[in-house]
Amino acid sequence: NAGVMQNPRHLVRRRGQEARLRCSPMKGHSHVYWYRQLPEEGLKFMVYLQKENIIDESGMPKERFSAEFPKEGPSILRIQQVVRGDSAAYFCASSPAGLAGEETQYFGPGTRLLVL
Amino acid sequence: DQQVKQNSPSLSVQEGRISILNCDYTNSMFDYFLWYKKYPAEGPTFLISISSIKDKNEDGRFTVFLNKSAKHLSLHIVPSQPGDSAVYFCAAYKTGKLIFGQGTTLQVKP
């Protein structure tokens, strides 16, 4: 009965490199969400995905960031040409489909990205 | 534009006493409110939620109260235990998105 899984747990990148963060939702969940937590702040919504569809990306920076949730495999948050300001903890969450229980999102352990 | 606010950055209580964590919001269109607990280097853990049509929900030691006219909710933990020491986030839900407060660090002293 695995929870939300994220890898890697820690990721170090140099400025200009690409970062790929992976998330496998809980079994039976088809909705995936990504959040970012900057130091000393709360979590900020980035994107909401269902299989092969982006439902809401209103929290995603306009450039360099993209997310996908393919039919097979984990959800991927991709950050191109990383900058120091991208250093943060990135959390993935999942919830079941349908209206009942959709509001309760279960979080993974996070990926801590450090940009040097 | 902070739609969900937790105005107390920290709270310290004695073991066995009640902990009360507060949260204010500005948007009356939220459907649910949730509380999460977070330890360092871990993801948030869901604690308890309340629908916007209710005013109280209880689960064991945790009770959430919602005052819609004041746009205020609170989490009561009684009795508090040292293992409750963590950062507590309140969050508001609307159409697939959780909006989080800044968090309150609770310390329960033995």
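Just so it is clear, the structure is predicted and the values come from calculations on it, not from any experiment.

Draft legend 1. Seen up close, the overall build of chain A. Each helix and strand in chain A was counted, giving zero helices and 11 strands. Compactness check: chain A gives a C-alpha radius of gyration of 14 Å against a globular reference of 13 Å for 116 residues, within 12% of the reference. Long-range pairs, those at least 24 residues apart, make up 53% of the contacts in chain A between residues at least 6 apart in sequence. For chain A, the accessible surface area stands at approximately 6,000 Å², while carbon and sulfur atoms represent 49% of it. A distance of 9 Å separates the average location of the 16 positive side-chain charges in chain A from that of its 12 negative side-chain charges.

Draft legend 2. View of the state of the cysteines. With the rule as written, the count across this model stands at two disulfides over all chains. The partner cysteine of A:Cys23 in its disulfide is A:Cys92, sulfur to sulfur 1.8 Å. An S-S torsion of about -55° defines the bridge between A:Cys23 and A:Cys92 as left-handed. Taken as a pair, A:Cys23 in strand S3 (residues 19-24) and A:Cys92 in strand S9 (residues 88-96) lie far apart in primary sequence, 69 residues in all. Each of the two residues, A:Cys23 as well as A:Cys92, counts as buried. For B:Cys23, the disulfide goes to B:Cys90, at an S-S distance of 1.8 Å. Of this pair, B:Cys23 sits in strand S3 (residues 19-25) while B:Cys90 sits in strand S9 (residues 86-94); the two residues are 67 residues apart in sequence, bridging distant segments of the chain. Owing to a relative accessible area of 1%, B:Cys23 belongs among the buried residues under this scheme.

Draft legend 3. View of the interface of chain A and chain B. On the chain B side, the residues contacting the 21 residues of chain A number 18 residues. Summing the contributions of chain A and of chain B, the shared interface buries around 1,600 Å²; its carbon and sulfur component is 57%. Summed over the shared surface of chain A and chain B, the result is one salt bridge. Residue A:Asp56 is joined to B:Lys97 by a salt bridge in which the shortest nitrogen-to-oxygen separation is 3.7 Å.

Draft legend 4. Structural detail: the sheet that holds strand S8 (residues 72-77) of chain B. The sheet built from five strands is open, its strands ordered S1-S3-S8-S7-S6 (chain B) with antiparallel pairing. Single-partner strands in this sheet number two, and they are strand S1 (4-5) and strand S6 (56-59) of chain B.

Draft legend 5. How the structure looks around the pattern of salt bridges. All names here are of chain A. Going through the model one piece at a time under the given rule, you end up with six salt bridges over all chains. Here Asp86 and Arg64 are joined by a salt bridge, their closest N and O atoms 2.7 Å apart. You can see Asp86 sitting in the loop between strand S8 (75-79) and S9 and its partner Arg64 sitting in the loop between strand S6 (53-56) and strand S7 (65-68), a full 22 residues away along the chain. Residue Asp86 is classed as buried on the basis of its relative accessible area of 3%. Take Arg64: its relative accessible area is 25%, and that puts it in the partly exposed class.

Draft legend 6. How the structure looks around the sheet that holds strand S1 (residues 5-7) of chain A. Residue and element names in this part refer to chain A. As summarised here, the arrangement of the four strands in space is S1-S3-S8-S7, forming an open sheet in which the pairing is antiparallel. Strands at the two margins of the open sheet, each flanked by one partner only, are S1 and S7. The mean angle between the axes of side-by-side strands here comes to 15°, regardless of whether they run parallel or antiparallel. Of the strand pairs in this sheet, S7 and S8 are connected by four bridges, and their pairing is antiparallel. When the bridges of S8 are listed, Phe65 appears paired with Ile79.

Draft legend 7. Geometry of the packing of aromatic side chains. Residues and elements named next belong to chain B. Inspection of the entire model under this criterion finds 14 aromatic pairs over all chains. Geometrically, the ring pair formed by Tyr25 and Phe33 is tilted, given 4.5 Å between the ring centres and 40° between the ring planes. Judged by relative accessible area, which is 7%, Tyr25 ranks as buried. Under the relative-accessibility criterion, Phe33 is labelled buried at 2%.

Draft legend 8. Broad picture of the pairing of strand S5 (residues 45-51) of chain B. Residues and elements named next belong to chain B. Within S5, five of the seven residues are buried, which leaves it mostly tucked inside the rest of the structure. Across six bridges, strand S4 (residues 32-38) lies against S5 in antiparallel orientation. Across the sheet, residue Leu34 finds its bridge partner in S5, namely Ser49. The hairpin turn running from S4 into S5, its antiparallel successor, is six residues long, and Ala41 in that turn takes a positive phi close to 65°.

Criteria and thresholds
- Residues numbered from 1 in each chain as written.
- Chains lettered and ligands numbered in written order.
- Predicted model: local features only at pLDDT ≥ 70, side-chain atom pairs only at ≥ 80, totals over all residues.
- Heavy atoms only, no water.
- Helix = DSSP H or I, 4+ residues; strand = E, 2+ residues; numbered from the N terminus.
- Rg over C-alpha atoms; globule rule 2.2 N^0.38 Å.
- Contact = heavy atoms within 4.5 Å.
- Areas by Shrake-Rupley, 256 points an atom, 1.4 Å probe, with all protein chains shown as cover.
- Lys, Arg positive; Asp, Glu negative; His and termini not counted.
- Charge placed at Lys NZ, Arg CZ, Asp CG, Glu CD.
- Disulfide = S-S within 2.5 Å.
- Buried < 20%, exposed > 50% of the residue type's maximum accessible area, 1.4 Å probe, protein only.
- Buried area = accessible area lost by both parts, 1.4 Å probe.
- Salt bridge = Lys/Arg side-chain N within 4 Å of Asp/Glu carboxyl O.
- Pairing = 2+ DSSP bridges.
- Axes fitted to C-alpha atoms, helices over the stretch in contact; angles between N-to-C directions.
- Phe/Tyr/Trp six-rings, centres within 6.5 Å; stacked < 30°, edge-to-face > 60°.

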